[in-house]
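Fold and geometry: a report
For reference, the chains in residue letters:
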Amino acid sequence: MAISFNPPTRTLMGPGPSDVHPRILEALSRPTIGHLDPAFVGMMEECKTLLQYAFQTKNALTFPVSAPGSAGMETCFTNLIEPGDKVVVCQNGVFGGRMKENVERCGATAVMVEDAWGEVVDPQKLEDALKANPDARFVAFVHAETSTGAQSDAKTLVEIAHKHDCLTIVDAVTSLAGTPLMVDDWNIDSIYSGTQKCLGCVPGISPVSFNEAAQDVIKNRKTKVQSWFLDLNLVMGYWGDGGGGARSYHHTAPINALYALHESLVMLEEEGIENAWARHEKMHQALRAGLEAMGLSFIVKEGDRLPQLNSVTLPEGAEDAVVRKRLLEEFNLEIGAGLGALAGKVWRIGLMGSGANSKNILVCLGALESVLSDMGANINGGKALPAAMTVLSK
Ligand SMILES: *Cc1c(COP(=O)(O)O)cnc(C)c1O
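Here's what I pulled together on the structure shown here. These numbers come from a predicted model, not from an experiment.

Remarks on the overall build of the protein chain
Within the protein chain one finds 13 helices and 13 strands. Taking the principal axes of its C-alpha atoms as reference, the protein chain extends roughly 65 × 55 × 45 Å. Residue burial in the protein chain is summarised as follows: out of 394 residues, 58% are buried. In the protein chain, the proportion of contacts linking residues at least 24 apart, taken out of those at least 6 apart, comes to 72%. In the form shown here, the protein chain has an accessible surface area of approximately 16,100 Å², with 53% of it arising from carbon and sulfur atoms. Between the averaged position of the 33 positive side-chain charges in the protein chain and that of its 46 negative side-chain charges there is a distance of 2 Å.

In structure tokens, the structure reads:
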């Protein structure tokens, strides 16, 4: 007979999910109520307002999709794009490739603007692609590329897109709450994120937001959205359009997961979003000081790095899979492996949500140094922790 599942307690420092705060886990275990219960509907409304704060937007159409970040991605693409459209997709890592897949599955044409993995999206290349494709209707790009740790200049990319009469689709799965993101100030038209990265919440929900221009495109579609579940015209009957209309059944919301999201957003409001951004940056500086003192180097150049996702090269003599296995088994610590072209060449160390804290940094540096020295890898011993402490004590 099977017995209850009791997961080990890990320290999650990979590309997501990140450590979930006990307050959020406690919220998750509160009693399930009906998804049309007035008490639940009140909480849904508050989630929307809190998400507007997280996204720094007044967009009325801001709500959590009942599925993971990938479903937020599909929500944007399937609702905005129609067969025959032309979409310029910027790719500098794994997730831009998924955008291309989405565009093609919508029956549209993707014009690719490619940059090397580890680099940011080059605004000049986008400009050139738009000049060469005056019939393009949308520009899609990833703000925080989790596969490499590069942070593109979303504000500039949106400006260029608008100059060429294109609406924008922005992946902010890893950026939301971890690095400055201003949906209204930057005039982003549509955006999606996730809960399990810098919100430090459980996985499985995807906050999204659409401005008026994007809503107009959705309302004036010639063809039906091919996904019934993600069709915003239907979903909005459930989440409400902010006009206080009656709610009707569309699907059963992940009720307890939404309690968790609500709690994570309350915690974000308590901390203040600017403080959350500053905390991620400070923790990144401490981790960076430690990793560099140990002798590891970042693959993304300074100034383009995401604080919440640190990609570093493996030192000589380190075996990727063995190191990660030992970190997990001996220290209950998870760090991320390289993806695609970077597999076996880098580690991706996440500092996301409540996991962006000094304890995690010291655990990570200490455990990594212990495993690497034991294996005879080429690192400078004894330097990482003091270097990180110096930044942390500032
Ligand atoms: C994690 C991630 C996603 C996918 O989110 P899921 O919740 O895993 O579906 C999409 N884009 C980026 C940049 C991500 O980091």
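Remarks on the packing of aromatic side chains
Inspection of the entire model under this criterion finds 3 aromatic pairs. Arranged with centres 6.5 Å apart and planes meeting at 70°, the rings of Tyr238 and Trp239 form a pair that is edge-to-face. In this structure Tyr238 comes out as buried when scored by relative accessible area, which is 0%. Exposure remark for Trp239: the relative accessible area of 0% places this residue in the buried category.

Section: the environment of Glu319
When you line up the elements, Glu319 lands in the loop between strand S11 (309–313) and helix H11 (320–331). For Glu319, a relative accessible area of 53% gives the class exposed. Measuring from C-alpha to C-alpha, the distance between Glu319 and Met13 comes to 19 Å, with 306 residues separating the pair along the chain.

Here's the deal with the sheet that holds strand S5 (residues 138–142)
Ordered by their spatial adjacency, 7 strands build an open sheet running S2-S10-S9-S8-S5-S3-S4, and the pairing between neighbours is mixed. Each edge of the open sheet is held by one strand with a lone partner, namely strand S2 (61–65) and strand S4 (109–114). On average, each strand axis in the sheet is inclined to that of its neighbour by 15°, with strand direction left out of account. By the bridge criterion, 5 bridges tie S2 to strand S10 (residues 206–210) in an arrangement that is antiparallel. Counterpart to Val65 in the pairing with S10 is Ser206. In this fold helix H3 (residues 69–80) packs onto S2, S5, strand S8 (167–171), strand S9 (190–192) and S10, with an angle of close to 160° to the strand it touches most, S9.

Overview of the packing of helix H12 (residues 358–374) against helix H13 (residues 384–392)
Closest axis-to-axis distance for the H12/H13 pair is 9 Å, and the angle between their directions is 165°. For the element pair H12 / H13, the angle class is roughly antiparallel. Seen along the crossing, H12 lies across H13 with a hand that is right-handed. Of H13, the residues touching H12 (which contributes Ser358, Ile361, Leu362, Leu365, Gly366 and Glu369) are Ala384, Leu385, Ala388, Met389 and Leu392. Its residues assigned to classes, the contact of H12 with H13 shows 8 nonpolar, 2 polar and 1 charged.

Considering the site of the ligand
Close contacts around the ligand come from Pro68, Gly69, Ser70, Phe95, Val142, Ala144, Thr146, Asp171, Val173, Thr174, Gln196 and Lys197, and that covers them all. At 2.8 Å, a backbone N or O of Gly69 approaches an oxygen atom of the ligand. The contact in question runs from a nitrogen atom of the ligand to an N or O atom on the side chain of Asp171, over 2.7 Å. Against a free-state accessible area of 380 Å², the protein chains account for coverage of 88% of the ligand. Class assignment for the residues of the shell around the ligand results in 5 nonpolar, 5 polar and 2 charged.

Basis of the calculations
Residues numbered from 1 in each chain as written. Predicted model: local features only at pLDDT ≥ 70, side-chain atom pairs only at ≥ 80, totals over all residues. Heavy atoms only, no water. Helix = DSSP H or I, 4+ residues; strand = E, 2+ residues; numbered from the N terminus. Buried < 20%, exposed > 50% of the residue type's maximum accessible area, 1.4 Å probe, protein only. Contact = heavy atoms within 4.5 Å. Areas by Shrake-Rupley, 256 points an atom, 1.4 Å probe, with all protein chains shown as cover. Lys, Arg positive; Asp, Glu negative; His and termini not counted. Charge placed at Lys NZ, Arg CZ, Asp CG, Glu CD. Phe/Tyr/Trp six-rings, centres within 6.5 Å; stacked < 30°, edge-to-face > 60°. Pairing = 2+ DSSP bridges. Axes fitted to C-alpha atoms, helices over the stretch in contact; angles between N-to-C directions. Parallel < 35°, antiparallel > 145°, perpendicular 65-115°, else oblique. Left-handed = near helix turned anticlockwise from the far one by under 90°. Nonpolar A, V, L, I, M, F, W, Y, C, P; charged D, E, K, R; others polar. Near = heavy atom within 4 Å. Polar contact = N/O pair within 3.5 Å; in protein donor to acceptor, adjacent residues only side chain to side chain.

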